[in-house]
Amino acid sequence: MRLSKRALLVGLWVPVVALGNKSPEQRRALPDAICVQIAQAISSASGVFYPGDPLYEKGIFHYAISSTQQSKCVVEAGSPADVGKMLGILGRTRTPFAVKGGGHATNPGFSSTPDVHISMYRFSEIKYNATSQTADIGAGLIWDDVYAALEPLGVNVLGGRVTGIGVAGFTLGGGYSWKTNQYGLAVDNVVALELVRADGQVVMVTHVSDPELFFGLKGGQNNFGIVTKFTLKTFPQTQVWGGSIINLGSTIPDIKAATVNFQTSVTDPKAAIIISYSYMAAIQQVIAVQQLFYDAPTRPPGIFDDFLAIPSIQSDISTRSFLSLVQSTQVNGTAGIRGLYGGVPILTLTPGLSDVLLNETMFWGAALSDKSENFVAYDIELFLPSIYSHNPDKTAFPPVRNIPFQPFNIAYAWNSSEFDPDFHNAVVASAAHIRKAAIAEGQTGLVHAPNYPNYAVAGTPLADMYGVNLPALRALKARIDPKNVMGLADGWKF
């Protein structure tokens, strides 16, 4: 039936008048037009949720509340085809958006937005292929889920070292694992990626299908589209030995000595540690947290003896499953407060640099104590110098593999948004001071060592993370996403 011109005008006029008669509060309560357009375009595999819906709250949730924003809607994508439809609408309308996997990013806006929020929860497949010794891993999972699914099969992949870390952000940023000494970074063990390009095309990216794009996705984060699935190499997994130990500040001289000795004398690739100096505002003291790991049910004699001999106030060291060890440090216990990471590369932990890290902990712990501080922590993450030799192929990150840098992390937590700039500025200043001190000590190779993108604080220059790879990554970006649709999402942008 054909409608008359008058009928069409009346049909258009009525909703305009209705909208014009509504109060500002009622207008804000109406579903956003782009969200409605997406809801009409996608299949039943996906869903759109609005404020007040539990799935909306689940979608925008982040481990640090400072990374959470109130979006116009949450779109739970359920198929690659639907992701393509979403990107088509967002690109045509130039609507800002965000993509969230696990929600562990601490830079505000990197996986959150006041506009359209795409949540990847429904991409939750875990499928093991015994013939190829690989696993297909959905981009909406956290590593806890992956470890739990693979554990009965006696295999594992390279993933996060603490609980609550998302598969997608971790892997697309590089990925340092408890098994990195043995097998390299997470990006070194990616076999294929299912990618929804900005033009909506769904492609399986491998070294053969598109070597340049394969290179760019390995560390290049969300610049080239939305990854919905990773195919990762798997490795045999037994029970492991390790856990966490908490020590009072009075024992830190012994911990510093044990940590430096571990750096210089331990060459077993199955052994790894993270040592954290943490200023706890509630007690106005520095404590130490040891995370010890050995990739076998029993530790060899000698490797961890220095650490175990130090008096502690809490310890859960044991032989256990890999998942149990990862969950032994409740990093997500900080959920609901504000938080920020800052990265700084280090070549070698020396006694002098260890003193610098402790001094930074005490200085900034005291300096920020009247700004709703919860804690400031400095994480010493030690790896073997050979970790970048496991992959002969180039990856977006790291841009250099002949410099044995290690990705130390700064982690701050506080309560009031009033002090967000103070904590951001402190992270930037502290990272710069540590790097300068290391170079002054003789670690001149740090001039060319990259900052780990998953730790780097907002405002870090791209060249500091991607170095000599940056021109190639920008050229690749122009080829894959010429309309810069992915530039509508925040993050490290080429």
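An account of the accompanying structure is given in this report. Just so you know, these numbers come straight off a predicted model, no measurement behind them.

### Side note on the packing of helix 10 (residues 252–265) against helix 13 (residues 351–367)
At a minimum axis distance of 10 Å, the contact between helix 10 and helix 13 shows a crossing angle of 135°. In terms of orientation, helix 10 and helix 13 fall into the oblique class. The two elements helix 10 and helix 13 cross, and the hand of that crossing is right-handed. Each of Ile252, Lys256 and Val260 in helix 10 lies in contact with helix 13, whose residues at this interface are Pro351, Ser354, Asp355 and Leu358.

### A short note on the sheet that holds strand 9 (residues 202–205)
Each strand in a sheet pairs with its neighbour through backbone hydrogen bonds, running either in the same direction (parallel) or in the opposite one (antiparallel). Within the open sheet, the five strands sit side by side as 5-6-10-8-9. Their pairing is antiparallel. Edge positions in the sheet fall to strand 5 (126–129) and strand 9, since each of these pairs with one other strand and no more. On average, each strand axis in the sheet is tilted by 15° relative to the strand beside it, whichever way the strands run. Taken together, the four bridges between strand 8 (residues 190–196) and strand 9 define a ladder with antiparallel strand orientation. Considered in strand 9, the bridge of Glu194 is made with Met204. Where helix 5 (residues 80–93) meets the sheet, it contacts strand 8, strand 9 and strand 10 (226–233), and its direction lies at approximately 50° from that of strand 8. Strands strand 5, strand 6 (134–138) and strand 10 of the sheet are contacted by helix 6 (residues 143–150), whose axis makes an angle of about 40° with strand 5.

### Considerations on the pairing of strand 5
In terms of strand pairing, strand 5 meets strand 6 through four bridges, oriented antiparallel. Paired with Tyr128 across the strands is Ala135, a residue of strand 6. Hairpin geometry of strand 5 and strand 6 is characterised by an intervening segment of four residues between the two adjacent antiparallel strands and by a positive phi of about 55° at Gln133.

### Looking at the pattern of salt bridges
Pairs can form between side chains of opposite charge once their charged atoms are near each other. Inspection of every chain in the model, using the stated rule, returns 16 salt bridges. In this structure, Lys72 and Asp32 form a salt bridge, with 3.7 Å as the shortest nitrogen-oxygen distance. Of this pair, Lys72 sits in the loop between helix 4 (54–60) and strand 2 (73–76) while Asp32 sits in the loop between helix 2 (24–29) and helix 3 (33–41), and the two are 40 residues apart along the sequence. On the basis of relative accessibility, which here comes to 37%, the residue Lys72 falls in the partly exposed class. Across the pair Arg479 and Glu212 runs a salt bridge whose closest N-O atoms are separated by 3.4 Å. In this pair, Arg479 is assigned in helix 16 (residues 470–480) and Glu212 in helix 9 (residues 211–217), connecting sequence segments 267 residues apart. Counted as one network, the salt bridges with shared partners bring together Asp32, Lys72 and Asp115.

### Topic: the packing of aromatic side chains
Evaluation of the coordinates by the stated rule reveals 24 aromatic pairs. Their ring planes at 25° and their centres at 6.1 Å tell us that Trp143 and Tyr147 sit as a pair that is stacked. A residue pair is termed a helical-turn pair when its members lie 3 or 4 positions apart in one helix, as Trp143 and Tyr147 do in helix 6 at four residues. For the pair formed by Trp143 and Tyr147, the shared burial category is buried. Arranged with centres 4.8 Å apart and planes meeting at 75°, the rings of Tyr147 and Phe322 form a pair that is edge-to-face. A residue pair is termed long-range when its members are at least 10 positions apart, and Tyr147 in helix 6 and Phe322 in helix 12 (residues 322–326) qualify at 175 residues. One exposure class covers both Tyr147 and Phe322, and it is buried. Aromatic ring contacts, followed pair by pair, group Tyr63, Tyr176, Tyr341, Phe383, Tyr388, Phe397, Phe405, Tyr452 and Tyr455 into a single cluster. Sitting over the face of the ring of Tyr121, Lys58 holds its NZ or CZ atom 4.4 Å from the ring centroid.

Definitions and limits used
Residues numbered from 1 in each chain as written. Predicted model: local features only at pLDDT ≥ 70, side-chain atom pairs only at ≥ 80, totals over all residues. Heavy atoms only, no water. Axes fitted to C-alpha atoms, helices over the stretch in contact; angles between N-to-C directions. Helix = DSSP H or I, 4+ residues; strand = E, 2+ residues; numbered from the N terminus. Parallel < 35°, antiparallel > 145°, perpendicular 65-115°, else oblique. Left-handed = near helix turned anticlockwise from the far one by under 90°. Contact = heavy atoms within 4.5 Å. Pairing = 2+ DSSP bridges. Salt bridge = Lys/Arg side-chain N within 4 Å of Asp/Glu carboxyl O. Buried < 20%, exposed > 50% of the residue type's maximum accessible area, 1.4 Å probe, protein only. Phe/Tyr/Trp six-rings, centres within 6.5 Å; stacked < 30°, edge-to-face > 60°. Lys NZ or Arg CZ within 6 Å of the ring centre and 35° of its normal.

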